[in-house]
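# Tertiary structure, described
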There are 2 protein chains.
Amino acid sequence: MNNNSDNKNNTFSISELAKEFDVTTRAIRFYEDKGLLTPARRGQTRIYSPADRTKLKLILRGKRLGLTLDESRDIINMYNPGGSNEDQLSTLLAKIRERKNYLQQQLHDIEVMMLDLQESEDRVIDALNDLKTQ
Amino acid sequence: MNNNSDNKNNTFSISELAKEFDVTTRAIRFYEDKGLLTPARRGQTRIYSPADRTKLKLILRGKRLGLTLDESRDIINMYNPGGSNEDQLSTLLAKIRERKNYLQQQLHDIEVMMLDLQESEDRVIDALNDLKTQ
DNA sequence: GTCAAAGTTTACGTTAACGTAAAGGTAAGC
DNA sequence: GCTTACCTTTACGTTAACGTAAACTTTGAC
C-alpha cells in the first residue's frame, strides 16, 4: 500500500477534501475557525469523517447560492433539531420556512434570467447567421 | 400638483428608485461608479430612465443569485449585442451559455436544498406534535 | 538519516460592496 | 429669509472570505 491516508475506516485528510471539492486547505481551516466544521484530530492533524465531508458539501452548495458562512452554519444546524424545547423548535421552523421562501425567490430569479439569456442567445445566433449568409 | 419629480415623461429620481427597490441611494451611486448605470443629469442631479430602472432591477436580481457587480455588468451587456464583430459575438455566445450552465447548477442546488429543508421541516413538525400529544 | 510532501499555527494583506460622515448646493413652502 | 428635504462629491471605515507568507513539525519513501 503506498499512498492514501486511511484504508479501512473511511476518513479523509484535509488535502483529500480540498482536491475533491476544489477548494484550498486554507479555506477548509477557515470554515473550522468559523465553527462550521469540527474535525477530529490525530495529534495535530485533522481527520475528517464522512459527516464532516457532508457539511463541507453543504457549505459549498450554500456558497453557490450566495449564502454567507453564517447563514450556511444556520442551515447546517437546521438539519438536526438538537434543542428539543418547543420555542426553539418553533423558531427553527420559522427559519426553515424563511429559507424556503428565499429559495423560491431565487428559483423565480433564475427562471427569468434563463429566459432573458435564452432570448439573448437567440439574437446572437441570428446575428451570426446574418453575418455568414451575407 | 405637489410632489413628484416628474409628471409626464416617466423618469425617476434616485430616492424614488431607492424606495422602490429598497436599497440606499449610496448603493445606486456606487453602481454608477462601477459603470453599471449611467443616468442622465439635469445640472448635477441624476435622472433615471425606465431603461436605467430595468438595469437596476437586473443588478439586484444578480445579487440575489450571488453574482458580483462585475458579473452583473457582463450580463447586462449581453442583452444588447453592440459590437457586431463575429469574434465578439462568438465570445458573447460562449459567455451566455456558461451563465446558463451556472444557473442550471444553481437550480439543482436549490432543488436539493429545498428537499433537505422539507425533510427538516417535517421532522421539526413531528417533534412539535410529539411534545403536544405527550 | 535525509529529503520531499503534507501537515500545523500565526499573522498580515486583499477585494468587494457598500456604510458613514463631512461639507456643501438647490428648490419648495411658509 | 429661513427651514426642511433632497441632492451632490469626497473620502475614510468596515465586514466577509479567504490569499499569502513565514516558520516549524511530522511522516513515508528511499
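For the structure, see preceding data.
Residues numbered from 1 in each chain as written. Chains lettered and ligands numbered in written order. Predicted model: local features only at pLDDT ≥ 70, side-chain atom pairs only at ≥ 80, totals over all residues. Heavy atoms only, no water.

### So, the overall build of chain A
When its secondary structure is counted, chain A shows five helices and two strands. Within chain A, contacts between residues at least 6 apart in sequence are counted, and of these 43% link residues at least 24 apart. For chain A, the computed accessible surface area is about 8,300 Å², with 46% contributed by carbon and sulfur atoms. (Helix = DSSP H or I, 4+ residues; strand = E, 2+ residues; numbered from the N terminus. Contact = heavy atoms within 4.5 Å. Areas by Shrake-Rupley, 256 points an atom, 1.4 Å probe, with all protein chains shown as cover.)

### A word on the relation of the copies chain B and chain A
At an RMSD of 0.0 Å, chain B and chain A line up after a rotation of 180 degrees and a shift of 0.0 Å along the axis. In the structure described here, the two chain copies are related by an operation that fits a two-fold rotation axis. When C-alpha distances to the rotation axis are compared across chain B, the minimum falls at B:G66, with a value of 2.1 Å. Of all interface residues in chain B, 100% are interface residues in chain A too; the two copies therefore contact each other through one and the same surface. (Least-squares fit on C-alpha atoms with pLDDT ≥ 70 in both.)

### A word on the packing of aromatic side chains
Residue and element names in this part refer to chain A. For the coordinates displayed, the defined rule picks out two aromatic pairs over all chains. Between the aromatic rings of F30 and Y31, the centroid separation amounts to 6.4 Å while the plane-to-plane angle is 65 degrees, which identifies the pairing as edge-to-face. Assessed through its relative accessible area of 32%, F30 is described here as partly exposed. (Phe/Tyr/Trp six-rings, centres within 6.5 Å; stacked < 30°, edge-to-face > 60°. Buried < 20%, exposed > 50% of the residue type's maximum accessible area, 1.4 Å probe, protein only.)

### Topic: a negative patch on the surface
A grouping of A:E119, A:D122, A:D126 and A:D130 is seen on the molecular surface, where their side chains present a negatively charged patch. With respect to the helices, strands and loops of the structure, A:D126 is situated in helix α5 (residues 86-132). (Patch = residues over 30% accessible without salt bridge, like charges linked within 9 Å, V, L, I, M, F, W, Y side chains within 5 Å. Salt bridge = Lys/Arg side-chain N within 4 Å of Asp/Glu carboxyl O. Lys, Arg positive; Asp, Glu negative; His and termini not counted. Charge placed at Lys NZ, Arg CZ, Asp CG, Glu CD.)

### Focus: the nonpolar core
Residues A:I28, A:Y31, A:M113, B:I28, B:Y31 and B:M113 are the most contacted members of the largest nonpolar core, which totals 68 residues. Other than its neighbours up to four places away in sequence, A:I28 contacts A:I14, A:L17, A:A18, A:V23, A:L37, A:Y48 and A:L56. (Core = buried A, V, L, I, M, F, W, Y, C linked by side-chain atoms within 4.5 Å.)

### Quick word on the pattern of salt bridges
Opposite charge on two side chains permits pairing when their charged atoms draw close. With the rule as written, the count across this model stands at 18 salt bridges over all chains. A salt bridge links B:R61 to A:D116; its shortest N-O distance comes to 3.4 Å. Of this pair, B:R61 sits in helix α3 (residues 50-64) while A:D116 sits in helix α5, each in a different chain. Residue classification places B:R61 among the buried positions, given a relative accessible area of 12%. With relative accessibility at 23%, the residue A:D116 sits in the partly exposed group. For B:R46, the salt bridge identified is with B:E32, shortest N-O distance 2.7 Å. Of this pair, B:R46 sits in strand β2 (residues 45-47) while B:E32 sits in helix α2 (residues 25-33); the two residues are 14 residues apart in sequence, bridging distant segments of the chain. This pair shows no difference in class: B:R46 is buried, exactly as B:E32 is.

### A look at the protein's contact with DNA strand C
The immediate surroundings of DNA strand C are formed by 17 residues, with A:S15, A:R29, A:R46, B:T24 and B:K63 found nearest. Each atom of DNA strand C within 4 Å of the protein belongs either to a base or to sugar and phosphate, the latter forming 69%. Sorting elements by how many residues they give to the surface near DNA strand C places α2(B) first, with four residues. Its residues assigned to classes, the surface near DNA strand C shows five nonpolar, six polar and six charged. (Near = heavy atom within 4 Å. Nonpolar A, V, L, I, M, F, W, Y, C, P; charged D, E, K, R; others polar.)

### Quick notes on the interface of chain B and chain A
Taken together, the contacts link 45 residues of chain B with 45 residues of chain A. Both faces considered, chain B and chain A share a buried interface measuring about 4,300 Å² in area, 71% of it formed by carbon and sulfur atoms. Broken down residue by residue, the surface that chain B buries against chain A is led by B:R64, B:M113 and B:L117, which jointly contribute 16%. Put simply, chain B and chain A have eight salt bridges between them. With a closest N to O distance of 2.7 Å, B:K100 and A:E121 form a salt bridge. Sorting the residues of the side of chain B that touches chain A by element identifies α3, α4 (69-78) and α5 (86-132) of chain B as the ones contributing at least two each. (Buried area = accessible area lost by both parts, 1.4 Å probe.)

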